[in-house]
Amino acid sequence: MFENILPLYGLNSDETTVNLFGDGLINHTWKVTAGGQSYILQKVNTDVFKNPSDIDKNLCLLKDFLSKKDPDYLFVSPVKALSGESLLNTPSGYFRLSPFVEGSLSLNALTKEDEAYEAAKQFGKFSSLLADFDAETLNITIPDFHNLSLRYEQFKTACANANPERMEKAKQYVDFINAHQDLVATYLSIVDHKEVPLRVIHHDTKINNVLFDKDYKGICVIDLDTVMPGYFISDVGDMMRTYLCAATEEETDLSKISIRKEFFKAVYDGYMEEMQDVLTDTEKQYFSYAGKFIIYMQAIRFLADYLQNDIYYGAKYEDHNFNRAINQITLLKEYIKIEKELTAPLSSSAEPHNQQHAQ
Ligand code: ATP
Ligand code: MG
Ligand code: MG
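Residues numbered from 1 in each chain as written. Chains lettered and ligands numbered in written order. Predicted model: local features only at pLDDT ≥ 70, side-chain atom pairs only at ≥ 80, totals over all residues.

### A short note on the overall build of the protein chain
Alright, step 1. Within the protein chain, the regular secondary structure consists of twelve helices and nine strands.
Alright, step 2. Here the C-alpha radius of gyration of the protein chain, 21 Å, is about what a compact globule of 359 residues would show, namely 21 Å.
Alright, step 3. In terms of principal-axis extent, the alpha carbons of the protein chain reach across some 60 × 50 × 35 Å.
Alright, step 4. Here the protein chain, with 359 residues, has 40% of them falling under the buried criterion.
Alright, step 5. Sequence separation of 24 or more characterises 74% of the internal contacts of the protein chain that already satisfy a separation of 6 or more. (Helix = DSSP H or I, 4+ residues; strand = E, 2+ residues; numbered from the N terminus. Rg over C-alpha atoms; globule rule 2.2 N^0.38 Å. Buried ≥ 20, exposed ≤ 12 C-beta atoms within 10 Å, placed from the backbone. Contact = placed C-beta atoms within 7 Å.)

### Topic: helix α3 (residues 113–129)
Alright, step 1. If you check α3, its first and last C-alpha atoms are 24 Å apart, about what 17 residues at 1.5 Å a residue would give, namely 24 Å.
Alright, step 2. Counted residue by residue, α3 has 14 buried out of 17 residues, so it is predominantly covered. (Expected span 1.5 Å × (residues − 1).)

### Some thoughts on the site of ligand 1
Alright, step 1. Of all residues adjacent to ligand 1, which total 22 residues, the nearest are G22, G24, L25, S106 and D223.
Alright, step 2. Considering only residue class, the shell around ligand 1 consists of nine nonpolar, nine polar and four charged.
Alright, step 3. When residues of the shell around ligand 1 are sorted by domain, at least three fall in each of domain 1 (2–99) and domain 2 (113–350). (Near = placed C-beta within 6 Å. Nonpolar A, V, L, I, M, F, W, Y, C, P; charged D, E, K, R; others polar. Domains from an automatic or database assignment.)

### Some thoughts on the UniProt feature "domain: Aminoglycoside phosphotransferase" (unreviewed entry) in the protein chain
Alright, step 1. According to UniProt, the "domain: Aminoglycoside phosphotransferase" (unreviewed entry) feature falls on residues 18–251.
Alright, step 2. For residues 18–251, the end-to-end C-alpha separation is 34 Å, with 37% helix and 17% strand making up the annotated structure. (UniProt positions renumbered as here; feature names shortened; annotations may be inferred.)

### Thoughts on the sheet that holds strand β2 (residues 28–34)
Strands pair in a sheet through their backbones, by hydrogen bonds, and they do so in one of two ways: parallel or antiparallel.
Alright, step 1. Pairing is antiparallel in the open sheet, where five strands are placed in the order β1-β2-β3-β5-β4. Both edges of this open sheet fall to β1 (16–20) and β4 (88–90), since each of them pairs with a single strand only. Here the strands of the sheet are splayed against their neighbours by 30° on average, with no regard to which way each runs.
Alright, step 2. Of the pairings in the sheet, the one linking strand β3 (residues 37–43) to strand β5 (residues 93–99) comprises five bridges and is antiparallel in character. Note on β5: the bridge partner recorded for Y39 is P99. (Pairing = 2+ DSSP bridges. Axes fitted to C-alpha atoms, helices over the stretch in contact; angles between N-to-C directions.)

### A word on unusual backbone geometry
Alright, step 1. Positive phi values are uncommon outside glycine, yet D144 reaches one of about 60°.
Alright, step 2. As for its placement among the helices and strands, D144 is situated in the loop between α3 and α4 (148–160).
Alright, step 3. Residue classification places D144 among the exposed positions, given that 11 C-beta atoms sit within 10 Å.
Alright, step 4. A positive phi angle, near 65°, is found at D310, a position not held by glycine.
Alright, step 5. Structurally, D310 is set in the loop between α10 (287–307) and α11 (320–337).
Alright, step 6. Residue classification places D310 among the partly exposed positions, given that 19 C-beta atoms sit within 10 Å.

### Here we look at the domain arrangement of the protein chain
By convention, interface size is frequently given as the accessible area that disappears when the constituent parts associate.
Alright, step 1. Once the domains are mapped, the protein chain shows domain 1 (2–99) and domain 2 (113–350).
Alright, step 2. Each of domain 1 and domain 2 has a C-alpha centre, and the two are 28 Å apart.
Alright, step 3. Listed per partner, the contact involves 16 residues of domain 1 and 14 residues of domain 2.
Alright, step 4. Each residue belonging to the side of domain 1 that touches domain 2 can be placed in one class, and the counts come to ten nonpolar, one polar and five charged.

### Observations regarding the environment of E341
Alright, step 1. Of note, E341 is situated in helix α12 (residues 339–343).
Alright, step 2. When the C-alpha atoms of E341 and K261 are compared, they prove to be 8.1 Å apart, with 80 residues separating the residues in sequence.

### Comments concerning the packing of α4 against α10
Alright, step 1. For the pair α4 and α10, interaxial distance at closest approach is 9 Å and the crossing angle is 25°. As the angle between them shows, α4 and α10 are arranged roughly parallel. Pair α4 / α10 crosses with left-handed handedness. Across the interface between the two elements, L148, R151, Y152, Q154, F155, A158 and C159 of α4 pack against F293, M297, I300, R301, L303, A304 and L307 of α10.
Alright, step 2. For the contact of α4 with α10, the class distribution of residues is eleven nonpolar, one polar and two charged. (Parallel < 35°, antiparallel > 145°, perpendicular 65-115°, else oblique. Left-handed = near helix turned anticlockwise from the far one by under 90°.)

### Digging into the nonpolar core
Alright, step 1. Of all hydrophobic cores here, the largest spans 79 residues; its most connected members are V267, F293, A299 and L303.
Alright, step 2. Element by element, the count of residues in this core is highest for α10, at 15 residues.
Alright, step 3. Counting contributing residues per domain, this core is built from domain 1 (2–99) and domain 2 (113–350), each supplying no fewer than three.
Alright, step 4. Excluding residues that lie within four positions of it along the chain, F293 makes contacts with L148, L183, Y187, I233 and G237.
Alright, step 5. Within the second largest apolar cluster, 14 residues are counted, among which are V32, I40, L41 and L87. (Core = buried A, V, L, I, M, F, W, Y, C linked by C-beta atoms within 7 Å.)

### Considerations on the pairing of strand β8 (residues 218–221)
Alright, step 1. In this sheet, β8 lies alongside strand β7 (residues 210–212) in antiparallel orientation, the contact comprising three bridges. Its bridge partner lying in β8, F212 is registered against G218.
Alright, step 2. The antiparallel pairing of β7 with β8 creates a hairpin that spans five residues between the two strands, and Y216 there sits at a positive phi of about 65°.

As structure tokens, this is what we get:
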């Protein structure tokens, strides 16, 4: 396969080494080294991204804007092949080649709050540099990705058509989701709010989508497939969901699910370092809602999939999605329990919006 792809970039496949690289879950990723230069070669996952050229067009628009806005900003995007295209549609699939960021490393787990700070700062910087870019000119690469209202409707449909045994087993968790519908209402009021604009949002802020240098300072964000118009709560919320707890969504020992308060502060400080003057006062009031928004949505998605016999996520074992749903519900409960403590050290403009939640 590579012998057909690499020459399209002017690389001689006999003089090139190619190795699988990184821990990405969506695309196929290889490190390619040729003549002292390294690249990241990716085959785009077209099950997830139905129209890869939408991503490519987005990246071209953003690259053009950012090169003028801040020529020093490291925007890692695909290079052009000999044909002039930055995405190649080949018989083996869609491919793209980006410069490898030398001296970079990525983390799969966060152990230090400084790392959370650095990552949040990079995601904040990305949205901040693009604050004047018209987000609505971007293609939507995954429709309704973070549309909580739609996800909730899909959850209700899943309940109505649920596997009866699974519904019986999941009843108390279904009740929990329904008892927290106010989170959907808050989402809808955010979408409708004039003071909460659509922005250029990364939409996949997990920690291994940031590159660090050897001293664990953030270099840049990567994995730009889901960069689309959205709300800042998506990026902040997914950082909360994935940075605050030392255990992942796969953890089944619920006693290990707790919130590292200092990581919340680190995400806030890092993100606000870049976004303080960009976010509206209204957006700032939804800072802590962001965590509930994404954790709740993920719980809904796992539970809906369990009720529908794992048709979307699949399952490595019988109760996989059930356990992941309980994990996320536990995380949400922990978050709600200490939300006031989390927000207490923040500046007054980020005090939470007045929201009441059933516990
Ligand atoms: P995900 O599961 O997060 O969606 P993905 O399959 O879309 O991941 P990427 O995140 O784009 O794949 O890349 C996978 C990994 O490859 C990254 O986590 C990072 O370690 C490494 N990587 C990607 N691009 C670069 C780059 N330009 N320079 C150095 N390393 C990179
Ligand atoms: Mg990634
Ligand atoms: Mg990705």
